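Below are the chains, spelled out letter by letter.
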Amino acid sequence: MARVQRQAEVEEIAEGVPVMKNEKEKIDLLFEKNANEQLAGIDWGKFNGAISSRLDEADLSKTSRSKLPTVFKIASGVAAAAAVVFVAMMLRTENPAKMPLENSGHAVVEFIEARGSASVEIIDRNGEGKENGSQAAWIIIRMPEPVLVADPFLQEADNGANGYLRDLIHLF
Amino acid sequence: MNESREANSSDIGRLVEASQAGDRGAFDELVRLYQRRAMRAAVRILGDANEAAETVQNAFVKAYLNIDKLKEPRRFEVWLLRIVTNAAISQQRSARRRAERIKVINCHEDKKAVSLVDKAVGEELKGAIQAAMQKLSKKEAKAISLFGLEDLSQSEVAEIMGCSAAAVGWHVFKGRQKLKRLLKEYL
């Protein structure tokens, strides 16, 4: 029943706007009066300028957004190059600075950063078999293993006189 | 007759198409044509020119950034007024929330605040309309705002609101009933 009544009201209003004419005039006059008062003081030229500057800002942010991928690519490239240089420098500092490589034998070397010492054993076949590429020369480096955990048992077991970390470097 | 209505729909369509092609000057012309109408719609919801100006500026920026999405260039006015009224309603709701928070914080100072209210008739009417519009539902506020705009038919209001013309009539009717009760001392 209420639904029917509501529907009837809607149809009456939708088709018969003049039915509300008096109310409409009063309310609309009130709203018009306020709107006119509010809009009376507006300098439309300045208002237009304000919108225009907001649009300029929007243009700028749009442009910077479109440039972002290029900037990002360049930044990534620079970062990657810096990383390569950094790794190369790190490797370089870990290389032995003074290492008397004279045929085979033993040598004690010091690192540039003076992080420790290692014993180096060079095994060279004196060119034997190198002609056909089947024979290789080797360097065996023994250096103390760094202590990562302050565990007395681990220190005793792995970091004593026999606890050398053995690295093999394949030369050629 | 307002400026936006003086320009015929094919002119508007061309300006919109040019804007979509990246012609900033064309969009500036659209702003010039529609700024007054947009402001009037926003003022009718918000009751205050300063709040309306901020809302309309934001609406134009939004329209500018999304102009590519407008499928029918000739319907720019409907599209723009939809953006403006939605923005005004959002602004009105957030203003109401702010006001409610302030009211809770400063409830002990209410009497003092009332005694300091500007007695100017225009300011009083503005405040009364703002308070009354906040009592309406979103659809009622939109319908009241748009229905009173010059040269905007009920079917155009319906298109802006995304509902039937009959529903617009219903929202206008209900909105007016509430406003009549809330603003009876000014009628």
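Residues numbered from 1 in each chain as written. Chains lettered and ligands numbered in written order. Predicted model: local features only at pLDDT ≥ 70, side-chain atom pairs only at ≥ 80, totals over all residues.

### What to know about the interface of chain B and chain A
Accessible area lost on assembly of the parts is the figure often given for the size of an interface. Contact residues are listed per partner, giving 34 residues for chain B and 28 residues for chain A. Every element with two or more residues in the side of chain B that touches chain A is listed here: helix H3 (24-46), helix H4 (49-65), helix H7 (121-133) and helix H10 (165-182) of chain B. In terms of residue count, H3(B) provides more of the side of chain B that touches chain A than any other element does, 9 residues in total. In the side of chain B that touches chain A, the residues fall into 19 nonpolar, 6 polar and 9 charged. (Contact = placed C-beta atoms within 7 Å. Helix = DSSP H or I, 4+ residues; strand = E, 2+ residues; numbered from the N terminus. Nonpolar A, V, L, I, M, F, W, Y, C, P; charged D, E, K, R; others polar.)

### Topic: the nonpolar core
All names here are of chain B. Counting residues in each nonpolar core, the largest one holds 56 residues, and the members touching the most others are Ala 38, Ala 42, Val 56, Leu 80 and Val 84. Considering every element that reaches this core, the biggest residue donor is H3, with 12 residues. Other than its neighbours up to four places away in sequence, Ala 38 contacts Val 56, Ala 59, Leu 80 and Val 84. (Core = buried A, V, L, I, M, F, W, Y, C linked by C-beta atoms within 7 Å. Buried ≥ 20, exposed ≤ 12 C-beta atoms within 10 Å, placed from the backbone.)

### A word on the packing of helix H9 (residues 154-161) of chain B against H10(B)
Residues and elements named next belong to chain B. The geometry of H9 relative to H10 is characterised by a closest axis approach of 8 Å and an angle of 95° between their N-to-C directions. Taken together, the axis directions place H9 and H10 in an arrangement best described as roughly perpendicular. Of the residues in H10, those touching H9 at Gln 154, Ser 155, Val 157, Ala 158 and Met 161 are Ala 165, Ala 167, Val 168 and Gly 169. In terms of residue class, the contact of H9 with H10 is made up of 6 nonpolar, 3 polar and no charged. (Axes fitted to C-alpha atoms, helices over the stretch in contact; angles between N-to-C directions. Parallel < 35°, antiparallel > 145°, perpendicular 65-115°, else oblique.)

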